[in-house]
Amino acid sequence: MDRIQVPRGGVTPPLYMLGRVEIREVQVDELPAAWELGRLAFGSGPRPVSPPEPAAVPGSLRYGAFDADGRLLGSAIDRHQEQWWSGRRVASADVAGVAVLPEARGRGVARALLVELLRGARERGAAVSALYPTVAAPYRSCGWEATGVLRTVELATASLPRHRPSPDLSVRPGEPADLPAVAQLYQQVARYRCGMLTRDGALFDRPADALPEWLDGLTLVEDGGRLVGYAAWQRGSGYDASGVLTVHDLLATTGAAARELVGVLASWQSVAPTLRLRLLAHDAVAAHLPLERAREYRQQVWMHRPVDVVRAVESRGWPPYIRGTVDFAVDDPHAPWNTGAWRLEVADGAAELRRSTEEPALHLHVRGFGLLYSGVAQAVTVAGAGLLRCAAGQHPAALDLLGAGPAAQLLNYF
Ligand SMILES: CC(C)(COP(=O)(O)OP(=O)(O)OC[C@H]1O[C@@H](n2cnc3c(N)ncnc32)[C@H](O)[C@@H]1OP(=O)(O)O)[C@@H](O)C(=O)NCCC(=O)NCCS
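Residues numbered from 1 in each chain as written. Predicted model: local features only at pLDDT ≥ 70, side-chain atom pairs only at ≥ 80, totals over all residues.

Regarding its fold elements, the chain presents eight helices and 19 strands. Relative to the 2.2 N^0.38 estimate, which gives 22 Å for 414 residues, the radius of gyration of the chain is 23 Å and therefore close to what a compact globule would have. Taken along its principal axes, the extent of the C-alpha atoms in the chain is 65 × 60 × 35 Å. A separation threshold of at least 6 residues defines the contact pool for the chain, and within that pool the share at least 24 residues apart is 74%. (Helix = DSSP H or I, 4+ residues; strand = E, 2+ residues; numbered from the N terminus. Rg over C-alpha atoms; globule rule 2.2 N^0.38 Å. Contact = placed C-beta atoms within 7 Å.)

Written out as structure tokens, the structure reads:
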């Protein structure tokens, strides 16, 4: 098979043939082939005895690469999610399930899938995109850049402070009827951060009469009947030295609620000597944990990219105390609608990105855009990484305006 040539610099047609490979949406009757490709690529267990009825997953679009005989060579999923960026919802095309047949690898199939996914994502109104890579290189080469890490840490349960229960708060196990309040508390925590999923939309629709199947328990902390904290946990097996309690969400909106939750977790020490926690940086709970004793259990790097720079800038929230203007050019070979000269204006908690006719002194690669936009790097370090070019005599710091905002974080894996 020849290497696939992806058109550069021009808008790709909606469905296009690359050599003898066609990129298009996977049809329902082709889903079993796509599942099998994913099963083999990600090692997700033996082939099921009776496969499920094929049905598309609502809230997502699966792209496939097909050869001239209609054989599926590769697949990638656009998850229609939203992310919170400083109080505003931003439409995201989060990417998952990228897999290519072993025999078709190294010929540009993944790149062709990602380029078409980006085009389709822009067409449906997405502004940004995040993904968890098993290997960063194919995504870097298409404009995503590593912008964060989802950390899971382990703590000895006995190292947590054991508090007396507060007389002002009540603690109880949660039930399915509590799920809307739990979702609301998550929104309260996530809303003014950046990058966190909104956790709503078709992909997150669940039956209202049961806890999610992966959850063993919900511990709720209430103040006068109002939910102020919760832990969503999985018990795991055994009660000897190997016992582990995995806490997927550990969130609180007050310091007292966080202290109460930590006290409940500490009470597991006799049967679950290890706690496995997904932490949110510098939140109410982190302030009550003995973080100096935390051991890294897993680090899942995630990458980010603008799908459409205008939407990415205009649909997010901006710090209300920031005001400024900067001219710069973007170079985005795989999403050419982003390429060109722009003027960014930030004022009063909002921003605009307009086409500019000026020849700008700052030239930003789209991967540098992702780093700045996510608030995880300064322009001077982006320049040092070779992703921002400055005209002679210019200092890159003017582009820190694009990075004005809290560092992006994610608490969901997908
Ligand atoms: C990773 C995978 C999807 C890449 O697919 P592919 O069709 O071989 O990738 P492409 O040929 O389109 O390569 C695109 C670019 O990524 C690079 N690349 C691809 N796989 C790579 C790897 N494993 N390590 C380093 N670079 C890699 C290519 O060299 C190419 O770089 P270039 O732009 O500088 O030329 C494929 O190897 C695969 O299915 N692996 C198993 C499942 C998996 O890991 N999926 C990713 C989940 S996040």
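Text resumes after the structure shown.
Taken together, 18 residues form the shell around the ligand, and within it Arg-105, Ala-110, Ala-137, Pro-138 and Ser-141 come nearest. For the shell around the ligand, the residue count by class is ten nonpolar, five polar and three charged. (Near = placed C-beta within 6 Å. Nonpolar A, V, L, I, M, F, W, Y, C, P; charged D, E, K, R; others polar.)

It is worth spelling out the pairing of strand S17 (residues 350-355) at this point. The side chains of a regular strand alternate, residue by residue, between the two faces of the sheet. Sheet topology places strand S16 (residues 340-347) next to S17; six bridges connect them, and they run antiparallel. Paired with Glu-345 across the two strands is Glu-352, which belongs to S17. (Pairing = 2+ DSSP bridges.)

What follows deals with the nonpolar core. By size, the foremost hydrophobic cluster in this structure holds 111 residues, and its most contacted members are Leu-113 and Leu-261. For this core, the element with the highest residue contribution is helix H2 (residues 109-123), accounting for nine residues. Apart from the residues within four sequence positions on either side, Leu-113 is in contact with Ile-23, Tyr-63, Ala-65, Gly-74, Ala-76 and Val-98. (Core = buried A, V, L, I, M, F, W, Y, C linked by C-beta atoms within 7 Å. Buried ≥ 20, exposed ≤ 12 C-beta atoms within 10 Å, placed from the backbone.)

Here Ser-86, not a glycine, exhibits a phi torsion of approximately 50 degrees, which is positive. Take Ser-86: it is sitting in the loop between strand S4 (72-85) and strand S5 (88-100). Accessibility expressed as a C-beta count within 10 Å gives 19 for Ser-86, which makes it partly exposed.

Before going further, it helps to examine the sheet that holds strand S18 (residues 362-365). Spatially, S17-S16-S15-S18-S19 is the arrangement adopted by the five strands of the open sheet, whose pairing is mixed. Edge positions in the sheet fall to S17 and strand S19 (388-390), since each of these pairs with one other strand and no more. On average, each strand axis in the sheet is tilted by 30 degrees relative to the strand beside it, whichever way the strands run. Looking at chain direction, S18 and S19 are connected through three bridges and run antiparallel. Residue Leu-364 lies in a different strand from S19, and its bridge partner there is Leu-388. In the packing of helix H7 (residues 366-373) onto the sheet, contacts are made with strand S15 (324-331), S18 and S19, and the angle to S18 comes to roughly 90 degrees. (Axes fitted to C-alpha atoms, helices over the stretch in contact; angles between N-to-C directions.)

With that settled, the discussion passes to the environment of Tyr-63. Considering the arrangement of structural elements, one finds Tyr-63 in strand S3 (residues 60-66). Separated by 154 residues in the primary sequence, Tyr-63 and Gly-217 place their C-alpha atoms 36 Å from one another. With residues up to four places along the chain from it excluded, the contact list for Tyr-63 reads Ile-23, Glu-25, Val-26, Ser-75, Ala-76, Asp-78, Leu-113, Glu-116 and Leu-117.

Let us now look at the pairing of strand S13 (residues 274-278). Of all five residues in S13, four are buried, a share of seventy percent or more. With five bridges connecting them, strand S7 (residues 145-156) and S13 associate as antiparallel partners. For Val-153, the partnering residue across the bridge sits in S13 and is Leu-277. Sheet analysis places strand S12 (residues 244-252) next to S13, joined by four bridges and oriented parallel. By the bridge assignment, Leu-245 is partnered in S13 with Leu-275.

This part is about helix H5 (residues 255-266). Taking 1.5 Å per residue as the helical rise, H5 with its twelve residues ought to reach 16 Å, and the 16 Å between its terminal C-alpha atoms agrees with that figure. Within the sequence span of H5, burial applies to Ala-257, Ala-258, Arg-259, Glu-260, Leu-261, Val-262 and Leu-265. Along its buried surface, H5 packs onto strand S8 (170-173), strand S10 (217-223), strand S11 (226-234), S12 and S13. (Expected span 1.5 Å × (residues − 1).)

What follows is about the domain arrangement of the chain. We note that the domain assignment places domain 1 (16-146), domain 2 (161-289) and domain 3 (309-403) within the chain. Computed from C-alpha atoms alone, the centre-to-centre distance between domain 2 and domain 3 is 38 Å. (Domains from an automatic or database assignment.)

Most of H7 sits out of view: eight of its eight residues are buried. Of the residues flanking the end of H7, it is Gly-375, one or two places downstream, whose phi is positive at about 70 degrees.

This next bit is on the environment of Glu-358. Of note, Glu-358 is situated in the loop between S17 and S18. Along the primary structure Glu-358 and Glu-296 are separated by 62 residues, whereas in three dimensions their C-alpha atoms are 48 Å apart. Setting aside residues up to four positions removed in sequence, Glu-358 forms contacts with Asp-327 and Ala-341.

Another point: the confidence of the model for the chain. The share of residues in the chain with pLDDT of 70 or more is 95%, and the mean pLDDT across the chain is 93. Predicted confidence for residues 6-17 stays below pLDDT 50, and this span has 20 contacts to residues more than four positions away or in other chains. (pLDDT = per-residue confidence, 0-100.)

Of note, Phe-66 is situated in strand S3. In this structure Phe-66 comes out as buried when scored by C-beta crowding, with 20 C-beta atoms within 10 Å. Along the chain, Phe-66 and Leu-117 lie 51 residues apart, while their C-alpha atoms are 15 Å from each other. With near-sequence residues (within four places) excluded, Phe-66 lies in contact with Val-21, Glu-22, Arg-71, Leu-72 and Leu-73.

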